[in-house]
Structure formats: C-alpha cells, structure tokens
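Per-entry structural report
Letter by letter, the chains look like this.
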Number of protein chains: 4
Amino acid sequence: MKNTIGTSITMTLFGESHGPAIGVVIDGLPAGAPVNLEHMQARLDKRRASGTISTARHEADVPQILSGVKDGHAEGTPVAILIPNENVRRQDYDRTKDLARPSHADYTAQAKYRGWQDASGGGHFSGRLTAPLTAAGSIFLDLLEAKNIHVATHIADLAGILDDPFDEAHLKKQMNVLKKADFPVLNAKQGDAMKAAIEEACMQQDSVGGILESVVTGLEAGVGEPEFDSVESLLAHAVFSIPAVKGMEFGSGFALAHEKGSQANDAFYVKNGQVRTRTNHSGGINGGIANGMPIVFRTVIKPTASIAQPQETVNYRTNRKAVIRISGRHDPAIIHRAAIVVDAMTAFTVADLLQQRHGETWFTEACR
Amino acid sequence: MKNTIGTSITMTLFGESHGPAIGVVIDGLPAGAPVNLEHMQARLDKRRASGTISTARHEADVPQILSGVKDGHAEGTPVAILIPNENVRRQDYDRTKDLARPSHADYTAQAKYRGWQDASGGGHFSGRLTAPLTAAGSIFLDLLEAKNIHVATHIADLAGILDDPFDEAHLKKQMNVLKKADFPVLNAKQGDAMKAAIEEACMQQDSVGGILESVVTGLEAGVGEPEFDSVESLLAHAVFSIPAVKGMEFGSGFALAHEKGSQANDAFYVKNGQVRTRTNHSGGINGGIANGMPIVFRTVIKPTASIAQPQETVNYRTNRKAVIRISGRHDPAIIHRAAIVVDAMTAFTVADLLQQRHGETWFTEACR
Amino acid sequence: MKNTIGTSITMTLFGESHGPAIGVVIDGLPAGAPVNLEHMQARLDKRRASGTISTARHEADVPQILSGVKDGHAEGTPVAILIPNENVRRQDYDRTKDLARPSHADYTAQAKYRGWQDASGGGHFSGRLTAPLTAAGSIFLDLLEAKNIHVATHIADLAGILDDPFDEAHLKKQMNVLKKADFPVLNAKQGDAMKAAIEEACMQQDSVGGILESVVTGLEAGVGEPEFDSVESLLAHAVFSIPAVKGMEFGSGFALAHEKGSQANDAFYVKNGQVRTRTNHSGGINGGIANGMPIVFRTVIKPTASIAQPQETVNYRTNRKAVIRISGRHDPAIIHRAAIVVDAMTAFTVADLLQQRHGETWFTEACR
Amino acid sequence: MKNTIGTSITMTLFGESHGPAIGVVIDGLPAGAPVNLEHMQARLDKRRASGTISTARHEADVPQILSGVKDGHAEGTPVAILIPNENVRRQDYDRTKDLARPSHADYTAQAKYRGWQDASGGGHFSGRLTAPLTAAGSIFLDLLEAKNIHVATHIADLAGILDDPFDEAHLKKQMNVLKKADFPVLNAKQGDAMKAAIEEACMQQDSVGGILESVVTGLEAGVGEPEFDSVESLLAHAVFSIPAVKGMEFGSGFALAHEKGSQANDAFYVKNGQVRTRTNHSGGINGGIANGMPIVFRTVIKPTASIAQPQETVNYRTNRKAVIRISGRHDPAIIHRAAIVVDAMTAFTVADLLQQRHGETWFTEACR
C-alpha cells in the first residue's frame, strides 16, 4: 500500500520537503468526530523546531483543512489536510548535490527512483512529512480522549540520561504532565540535563539519540488479531514508519531474554470486577490482543544523521568518493520532536483497531 | 486483513491446535517457482519439537499440497498447504478449562470472541500455527536462494549465554553452518550450554527466552518504501506476527540511544563498483529502503508462558480467582524452534517486496 | 488481491478442477455466526450438475470444515472449507491438450502463466471453483436471514423464454418459491420451456445463455460508500468474478438510456414512518449507497463455451491452427446452476458491507 | 478501502462540491512517467461544462500539482493534485435544504452520515469529484499511449440516437477522431442530433441518458486474474464508481442471452504470428484475463437526476412530505462529459494491472 496505511481508517501521505505543500488524506474518520484546530496546532507546535536544540528552519506549520470537516466535526468523508512549505531554501543543498549523506535516504532513493526523485532536503523522505502525520494524529488523539483512552510518550533515556519511569499508580498524573510539557519528560531536572546534552552535541557538530517510552491507557480488552494483525504488528508497522526509529519493544521487551517464565508471566487477578494482571511484562498484549492493561512500548530513535562534521561518502551518480560537509539547518536531536509523532501513529493505530471492531459508527451513534 | 498478510504475494493462515488440520494459502507465488517438498520437510523438522528440550507433543507435520503446484513448480495460482493435526489430546486441557493461563491468549481470546472460540491448546493462537508458516516460508527461502539471496537466524543470546556474533567477513560460511544445524547456533559449545540451560529450566518447571539475530544477504538496493511500507515496518509487521516475539531492533538498534551521530552514521564507499557502507549500524536500511548491505535485525523471544509451576489466575467465565497448574505437553524454550519461523516470515516479506518491485514475472520469465 | 476478496470479511479461493481438492478460507466471520451444514449441502446441491440438462460429471461435493467452527457456530477465527475432487478424469482432456478451447481461458492462462499452469478441465479457471464459493455463500445467506435480509435470484430470460418478473408486492412469497425450487424460476411452466430449450441445444451439440435477476430485501439504508466502494462497484466486482458473467445492470439498467429524468427518477415518500421510493429504477442504490428499497440487479450469463461441435482454434504452444472437438462432460447451460452462485457472491458482499459499517460484533453481541 | 482504489497504483479521492478544493492523491506512479499538464487541461476541458447543453456552473478547473512531479516527470512518490472550487454558490441549495432530491444521494448520505455530512451541491457525492479523477486519468492515458495502448469512448446511443459503431478495421482512425472531438461521437451529424435532443430535454425541464461504448487497444494477453480480480471485475469496480453509471456489459454483453454457444464463441486463429479471435463477443477477455484483442465494453449513464420540474419527495430530517423544485445549475445530460471519465477510470485500471504484472519499473527502466 506504499503511502497509505490502515484498514478501517486510512491515512495517505504526500509531499516533499521543498515542494509547495505536504499533506495527508484521512479516510474513514467517523462522521461526528470532533476536529479541533487549536489542539491540532498545539500538537504541531510540539513537533516543530524551537530554541537552541533544534533546526533553524522555522515554519508556522499552519494546517489547512480542504475537505471532510464542517463546523468542527468530521462529515464522514475524506479529510484532506494541507501544510504549505514556507521556508524553502533549495540552495542549502546545492553544495552537497548528488552526495549521499551517510545514514540518510539519498543513496537508497537513487537506487529506488533511478534519478527521477526530488532529493532536496530529503524530498519525500524528509522528517517534515511527520507534520501532516501529527496533524492527523491530533484528531485521533482527541477521538480516543473522548472515549477515555489516553496516549502519552516521554523520553525515557537520552544519551544515558534517564527520565523517571512510568508508574502505573500515578499514570494519570504523569500523562497530564506530558500533555502540558514543551519537552516530553516527567522529571524536569532530568529534562534540563538532556537539553544540555543536546546543546553539547550541537557544539561538537554532532547529534544524539535516545529511547521513547509510550503508554496507552483505557483500551478495552479484546482489540487486535491473532498472528498477522497483532497489536504489536500493527503498532510496529505504524511506528517504524517514522524516520529514525530503529527498534521497538513491548512490555519488558529485550529484558525478557534474561528472565524465566515464572518471572515474566503476568498473573491475572480481579479488581473491582475487572480482570487485571499483577505485573505488565506483556505490555498489555497477550496473543496479539489487548488485555485491558496499559499498552506499554519503547522506541529507539537513532541520533540525527545530519551532522556538520566532514564525513566520507560517495557521489551517487558518478560513484566517485567524496567528503560531505552538511551545512543547512539541522537538529542535533529529534527525539523530543518525535514523541508527539509516536503518539500520533499510536493513536491512529488504536482508533483503526477500535473502528474495525465496532464499525464506522463506533465513535458516535448520535445524529445531528 | 486479519489472517492474510502481504501485498503482491499473500499468505492466509487458518486452523486450530486441536482441529482436524492447520494450513496456509499462498497467493501470488510466481508461475515456475520451484516447490521442493524435501526442503519443506527439512525446515518443518527444524521447527518441530524434539529431544528433551521440547514438548512431548510429537507430530510428523507432513504437509499436503492441495493446489497450485504441478511437477515441482508453482502454477501461478493459489498454493494451499494442509498439515493434519495428528496428536490431539483435548483432555490435557480439561482440568484447566476456563482458567486463563498467565501471559497466554486465553483471556484475550475470551474478550475478543466472547466464548465462541475453541480454547483447547490455544486454539488459533497456538504455536502450532507456525508450522504452515514454516512450510510456506520454505518455498520463499528456496525462491530467494535461486536469486542468491540468503536468510539465516541464530540464537544470539539464551538466558545470558551468547553465541558467536555474525561477522560480515565470514557470513557465507556462518550461514551455511546454520543451514545444517539442528540447533541454530554458530558456536556448538555455546549451543550445548544453551541446551543445558533449557534442561535446567525444565527441571525447575520453568522456561527461558532469548534473542534471535537474523541476516539477509544479497538483497538489492532500492527495495522498500518510504514511511509506511519501510523495510523495517514490513519486517516488523511480519515478525511480530510470531507468538512470543516482544521486541525487534534493526542494525545497532537500542544501542543507538547511547551513540553520537558521528559514531552511528555508516560512511559510504565504493568497492568493486558497488556502493557499500563501512559499518552497518543501519542494518542495511536507510530511509526505509534497502541499501544493498546485509539486512540485520534482532528479535526477542519471551520465555514460554506455559510452565508447570502453580500460578495465580482467574476463571475467565466466572471471574473467580484460581490457581492453575499447567500439565499437558510444553516446551521449556521455543527460541530454537522459532529461528526457522523468523526465517520464514523474513523470506516471505523479502519475496513480496521484490515482487512488488519487479512484477509477477520477476522470478522467471522463462516459459515451460 | 487476486484470489482474496473483501474488506472486513474476506474469502480466499484455491484449487483446480483436477487437483485433490478445491476450497475457500473465510476470514472475519463474526464469532457466534451459525454454520449450518445442512443448508450448505442443500445450496451446493442447487449448484451441482443434475439430470439431462447438466454435465455428466457428478460429484457429491460434500464440504469439510477444517477450522473456525465449533458446535455449529463460527469461532471468529478463519473458517477453511475443503471440497475434495472425486470424479477426476484427466484423460478427457488429453485429446484436446494444448488446443485453446474458444472463449475458454486456455489461451489466456497460457499467456499469463507461460506454460506452468495446470490446464486440465480449466484448472483454476474451472466452474468447479464456484462450489466453495457456494459453500461459503451459504453461511452468509444464513447470516443475513437471521437479520431478516433475504437474497434470491431467478432466471429472468433463457434464450428468449421469460420468467414472471419480480413483483414488489409479492416479493416475500416469490423469494420463498425460489428457495425451494430445484430450477430457479417463479413460473414453473416457463421453467419447463427453458429446460426444453436447454435439452434442444444439447441435442444440437450447442449451448444457451440467459439473464439472471437478483433481489436483496431488508438491507438498511446507509450501507455502501460514495464513488469507489459504491454498492454497485462492490456487487459488480463480486459478481463479475463468476465465470460466464458478461454484463450487469442495476434497477432499470440499460433501459435508462431511453428514459427521461422525469421518468427515471424515483420519488420519495413516507410509509409507516419509513422513507421509501414510489418506483425503483435506481435498484435500491442512490449515490452508491443503499436507500432501503430492494436492491435489484440483472446479470447476463453467456452460453456455455464448451460445445461438442467442431470449432476452429489454435494450439497455444505451437501457434498452429487446429480444429477442436470438445468431448468430456459439459453443460448445455449453466445459468440454472449459476443462480445460487450469484446469491452467494451477493450475500458475501452485503455481509461484508454490514460488518464494515457495524463492526465485527455486528452479528451478535451475545456471549456464549 | 472506501475512497482509495487500486492495488499497485492507487488513487485516493477527496473533496466536496462546495468546499475550498477537491483533489486526488496518486500513489505508485512509476518514477519517470511523463506528467503533461497541457494534456491534463485538455482532458479536463472535455469534462467541463460548456455551451447550452451543460450546467451554467463554469469553472476553470486548473489543476495544481502539489507533490511527486519534477520537470514534467513523476518522481515515484505520491502525486497530489488539487483543483480549487471557484464558483461556489451555497445559496442555490438553501431553498431545497433538507429535501431529498429524487435519485440523488441526499437521503442516503443522511442515512449514512446521520446529519454530519455537507449536503450542499451533493457534497462529496457531487459529479465535480470526477474532475480530479479526470486529471489523474490523463496521466494514465499518457502512460498507456507511450506503450501504444489506447483508450477511447464514444456515445453509442443517446435517447435512441445511434452513433456509428466501433469497427475493428478502422479503429485507429476512429480513436483519433474521438481524441480531437469536443462531443464524443464518430458521426458528427448524429452528434448534432444528440445535442438537439439534449437541448430539447432542457427546454422541457427534463434530462436524458444514454450508452457509452469504450475500447482499449494494444493491451497484451495475460493481464488480469482468474475470478476475483478478473479484468471485468476490476473495470466494473472502477467504472461503477462514476456517478450515474447503472449498467455495464463486455463484448456482446446482454445480447449473449439470446445467442447459442456456437454463435457466441470466438474462434482463435493466427495472424502475423499473433493469436487472435475471428469475432470479439468476449470483449477481449477470456476467463477474466485479457486475450490480446481489443477490450470492448458499454456503460449506461442514467438521465441526470437534477431536473427543474417539481417532484414529490420528503424532508429527510423531519420525514415530512414535500415538493422539490431544483433550481441551481444543472446539466440536461452528462453523458458527453462522462466519456472522458470512463476513459480515465479505464486507463487507471489498465495501468494498475500492467504494473501488478510487470512491477514498479514496468514503465521505464531508464535512469535519469
């Protein structure tokens, strides 16, 4: 399906970094779903570059709704969202034209599109494409919140600096902290240390990565499919779509390699008539199906590939060796901007799963 | 799509642990593709239980081809493969009827199917369903080998015991070792230590997990899609379909969280006219597209959920608390059996990607 | 998707005329749906060859359920249905080997599969493949009937002999007549004339075609999609899958070419609180969406391509000209057997549409 | 898939009649495909209203390419095409607000979207949505022409006035006539009679329909799938997506009901080394697969539903009876405008089929 994702609800993504606009078409959004542009803008602002720890390419990123929305509600027909590209500076890329930036998509784009692609600023591979995903995700996050399902992501680890962990007893409070935070951490002091590490990397003409931890609360048991469309499969498909993601683990994840079954199993018990598990090593998913506990997963974000240091590379048209010095406008870290994008792709996946289960009228049976 | 996976080539999976048969329908297999039943049986044997480190449920697992194959070659029409269930002992499950085995799918199946499901032996969620996937995967592995693309998986880490790592300089030799190995390790001595650890866990009525490492060599640059159908997204979708997989990382994976961009980037160079990278922190994938280097990923397999120790749980029909003692026939580890299943899902994904790119005649243009 | 059809519910078809078995996998069938084998057999019997007006290839066509059904109800997991091929006589086809039967798929199969296909008896293109579709369709017909939605098809026109038309005032009674009929007509006398025409064609070593008319009652307004997944689009996609179908029209269909808008429009009115239309030129579909009136469409079935008369043709391997005399066992007409297949594909499409709209629990919310 | 159609190439449609813009996203267009804006405009002009026989709503319909095109060639990434709505007059619809226009989608949209839809001018159901389809179709028509595959459609019958039939011996010349024609007929005199009939219907505050006949030449044998994705199924799915289409027949179509097999079968012969058929009753399709002969089909277009005469109807919010007088700007016939839309959907379907068969590099292997 290439640039369309989803089953009952789909998103179709388009645009390049230096074209006139980027955008997304959401299809299958249930009629009556609220579309709140203030929330959308606030979430886009979280994704946007800002301050000393981000790229100097500043764009307003004001989304335009072209269709499917009337008086703040989805009509049920496709919702097209457009974000114009304002701050296009193709000349930044002229010096490095045809040089494959290491760990970027320049070389693979050439291999795939054989020279027909627009390579400026990464073209269709640019991180800018996550802006329409965030705009769309904002609608899904609102949709889920109306059903008391909440999604939040924090930086669990940036270059070895750890945030406070999620704590099931205080999850509601923690998620509220993240909703308001400019920088997605639970512990502001650790957040400051992370920012300092980013700035330091920047001064060294280098970049840093880290680990995001995400949680979904309020999702009913029974959602998902055995095997191919397991909740893990669908979340992984969606989250690995975000550039820079190189790994993902659910619940205890890779730590399960060193645990015994007796340690890793989550005992069931009943609390207030609800089946729950004592622990959540499974990350809220058994046999591919949500079990009613919080869905928990962690995502590794690689250090930004664009660094100002000279790097060995090749010219992908001539196959000659070269040294590349990437100037332009780049982030020494993108993990803090990626958190809301992970939220967006997660909310999309959960909404799609709920709609598959409950039909296109799942969100509201009410007539207008 | 629930129980169908793929785009240009699809697999549709069916069956339950204790029904008459399990099976798979492969659609889109290119006409003329070899279908080698000896190879299929050999790979099924790798997946099968054996010796003291596996479940006592022994089945021949002899696949029957119902359609789509003539004289050892695919006809181009759907290939249905059936594996009869021979050694069905429903009574093993009577004692634990309606009790939710911890970290199993019993409770979530009840939440999803509301009592209509066949719960015996895990029903459709059973690990037995990986047998038809392996049978199908064998065809894809042969298909890729005919194109000089090779897939192999070893146990990198079982309960802390490490196998030798993949070594790009000796990859061909290492992959041959794995092809012949009964127990999928490069270092036989470490393999013996792993087996001992499994037996020890068994004696403790417990189970162990571990980490699989997989490699794909010979895949051309340019395969895959930006964003939604990135090679990572598609491989993750497929591999997370395998029960017990709880995490996946590509290239340096989670270690990238603690690296700088200058360390993590893979410099390009030219060798014998081919663009290559000096390192492979990216696992052979840039911007979601294969870059021609080996695809490398690691998969965590949780410890088997079925353990003989008494465990706290609930009766999922009455919501009453209970203690479960799982007898039946179970594996103290499944990681060694899972290796070929990861190979199968990987080969399927790679073949599907190649066919999307090169069309249904990619495998052979030759007429018969 | 090739051999898989559907969105929320899917069918995957496999098998060849002269292989060991043909079959279908239904995925997405709602848990708790009744699976009635007697009804299935009765509907398969309607499709089967019988008497002097059909092929001499008689097979019991007894379906085997391999998975997904327990105690007469769907489990919610894939339902695999197998129909063994019993009466295989490959030698019938030896004489005509490599000769392209006119208006059959022999030549196009060769063009597509380049010699790798199994050509005996039409292989995967054989009309026998409609047997598993009918078996699956029986489940969907039962599903719809439980919701008071009924599907029926009669032969409106066979070689110019007309059956009584559907009459909205007596539709319930007419549909009951068809349910019990061996030969799908409303007017038994006209049915006898049709049978005589078939026998006459048979004696002339020739064959006849005709027009089927189908009706769906009880379908709620609001089902379907604008444009691409209009009810017309989906029904046409499904019904044109049946071999021998060469045309389809909804409501007044081709007659609309000679009507004015003032004649063709269906005026709305309210009856017992329900919005209805005075006429039904639209066949129950406005803007691609069901309007609550009966869905009505007509399907043309071409005369059977296999006739005993000598025909001009080519050898598709040598490109030499040839004369073919088709012996074997063939029908002088298949339209009476095709009626239940149209019902099956229609019921499938309607059930899929309802499940897309109302979710996987649309059929029953009840737990077991 | 709702508002996305296709397999290897997809189109995603969005927009409403009276929103800011309508558009389409094409995904999977092969890198290097020419995108000719002059051709696109010329084809959009064919679809546009003009003269006395069309609606008075005149819009320039100038498409904007937002992504995926560089220097007149497809980049291989999604192509988003936007057509702004210029001549929006919502007030035209105020008087008839909430009244269900007979044989329009107002009532069914209300049933489906429960009051959340934008009903002005038909909203998402408007015939205006065929403008982006035509823009996209222009790219596919150019793509096919570059491969010597041609698509053309004429009005075979308008209110009983017949155009000259397609004649295989002069097809090339006939298709050229249609390419240049403003009004899609082969016989200009008959075209004048048709226009007079349209004007007469207009003066009577009425409307007319008719039958389109389409042909595809140059398509290789072997394209298409047995059963579910037969060429008939896919073309019907695509063409029934066009509003006002109520029937479709391939080759001899409904006339086959009155033919014997000996008359209806198409004998094979060899001409210049190519297998051909003496007749083309099958419309170029055997067993769902193209046989190399011209694909021929006919499509019935119902008379425009919007007529100025008073009509009986209901208010769909109150269920009260009403009389509607549709003023606004409407066509007394749309069949002449629909011809290019049928071409567009046909070219899309054929291009998608070719790309499924030959892969994403089918169009050009050349590098830039």
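Structure first, text after, so check above.
Residues numbered from 1 in each chain as written. Chains lettered and ligands numbered in written order. Predicted model: local features only at pLDDT ≥ 70, side-chain atom pairs only at ≥ 80, totals over all residues. Heavy atoms only, no water.

Looking at the side chain of asparagine 3 of chain B
If you trace the backbone, asparagine 3 of chain B turns up in the segment before strand 1 (4–6). Apart from residues no more than four positions distant in its own chain, asparagine 3 of chain B is found in contact with Pro226, Glu227 and Phe228 of chain A, Met11, Thr12, Leu13 and His124 of chain B together with Asp27 and Pro78 of chain C. (Helix = DSSP H or I, 4+ residues; strand = E, 2+ residues; numbered from the N terminus. Contact = heavy atoms within 4.5 Å.)

As for the sheet that holds strand 3 (residues 21–27) of chain C
All names here are of chain C. Taken together, the five strands give an open sheet; going across it, the order is 1-2-3-7-4, and neighbouring strands pair in antiparallel fashion. The sheet is open, and its two edges are formed by strand 1 (4–6) and strand 4 (64–65), each paired on a single side. Pairing of strand 3 with strand 7 (residues 79–84), which is carried by six bridges, proceeds in the antiparallel orientation. Considered in strand 7, the bridge of isoleucine 26 is made with valine 79. (Pairing = 2+ DSSP bridges.)

Remarks on the interface of chain C and chain A
Reports of interface size often rely on the accessible area that becomes lost once the parts have come together. Counting from both sides, the interface comprises seven residues of chain C and, opposite them, seven residues of chain A. When the buried surface of chain C facing chain A is broken down by residue, Arg357, Glu360 and Thr361 of chain C rank first, second and third, together holding 56% of it. Joining chain C to chain A, the criterion identifies two salt bridges. Measuring nitrogen to oxygen at the nearest pair gives 2.7 Å for the salt bridge that ties arginine 357 of chain C to glutamate 360 of chain A. Taken together, chain C and chain A are joined by three residue pairs in polar contact (both at pLDDT 80 or more). Split by residue class, the side of chain C that touches chain A holds no nonpolar, four polar and three charged. (Buried area = accessible area lost by both parts, 1.4 Å probe. Salt bridge = Lys/Arg side-chain N within 4 Å of Asp/Glu carboxyl O. Polar contact = N/O pair within 3.5 Å; in protein donor to acceptor, adjacent residues only side chain to side chain. Nonpolar A, V, L, I, M, F, W, Y, C, P; charged D, E, K, R; others polar.)

Comments concerning the relation of the copies chain A and chain B
With an RMSD of 0.0 Å, the fit of chain A onto chain B corresponds to turning through 180° and sliding 0.0 Å along the axis. This pairing of chains is accounted for by a two-fold axis. In this assembly the copies share their binding face: 99% of the residues contributing to the interface of chain A also contribute to that of chain B. (Least-squares fit on C-alpha atoms with pLDDT ≥ 70 in both.)

Some remarks on the packing of aromatic side chains
Two aromatic rings are characterised by how far apart their centres lie and by the angle between their planes. Counting across every chain of the model gives 26 aromatic pairs over all chains. With a centroid separation of 5.8 Å and 75° between ring planes, the pair formed by tryptophan 362 of chain B and phenylalanine 363 of chain B is classed as edge-to-face. Of the residues examined, tryptophan 362 of chain B reaches a relative accessible area of 11% and is grouped as buried. Grouping aromatic residues by their ring pairs yields a cluster made of Phe240 of chain A together with Phe250 and Phe297 of chain B. The ring of phenylalanine 363 of chain A has lysine 147 of chain A lying over it, and the distance from NZ or CZ to the ring centre is 5.3 Å. (Phe/Tyr/Trp six-rings, centres within 6.5 Å; stacked < 30°, edge-to-face > 60°. Buried < 20%, exposed > 50% of the residue type's maximum accessible area, 1.4 Å probe, protein only. Lys NZ or Arg CZ within 6 Å of the ring centre and 35° of its normal.)

Examining the relation of the copies chain C and chain A
Two copies of a chain can be linked by a rotation about an axis combined with a shift along that same axis. Laying chain C over chain A is done by rotating through 180° and shifting 0.0 Å along the axis; what remains is an RMSD of 0.0 Å. A high fraction, 100%, of the interface residues of chain C reappear at the interface in chain A, so the copies pair face to face through one surface.

Brief notes about the nonpolar core
Soluble globular proteins tend to bury their nonpolar side chains together. Counting 156 residues, the largest nonpolar core has Leu29 and Phe140 of chain A together with Phe140 of chain B as its most contacted members. For leucine 29 of chain A, the residues in contact, after removing those within four places along its chain, are Ile9, Val35, Ala74, Gly76, Val79, Ile139, Phe140 and Leu143 of chain A. Ranked by size, the runner-up nonpolar core spans 154 residues in total, among them Val24, Leu129 and Ala339 of chain C together with Phe363 of chain D. (Core = buried A, V, L, I, M, F, W, Y, C linked by side-chain atoms within 4.5 Å.)

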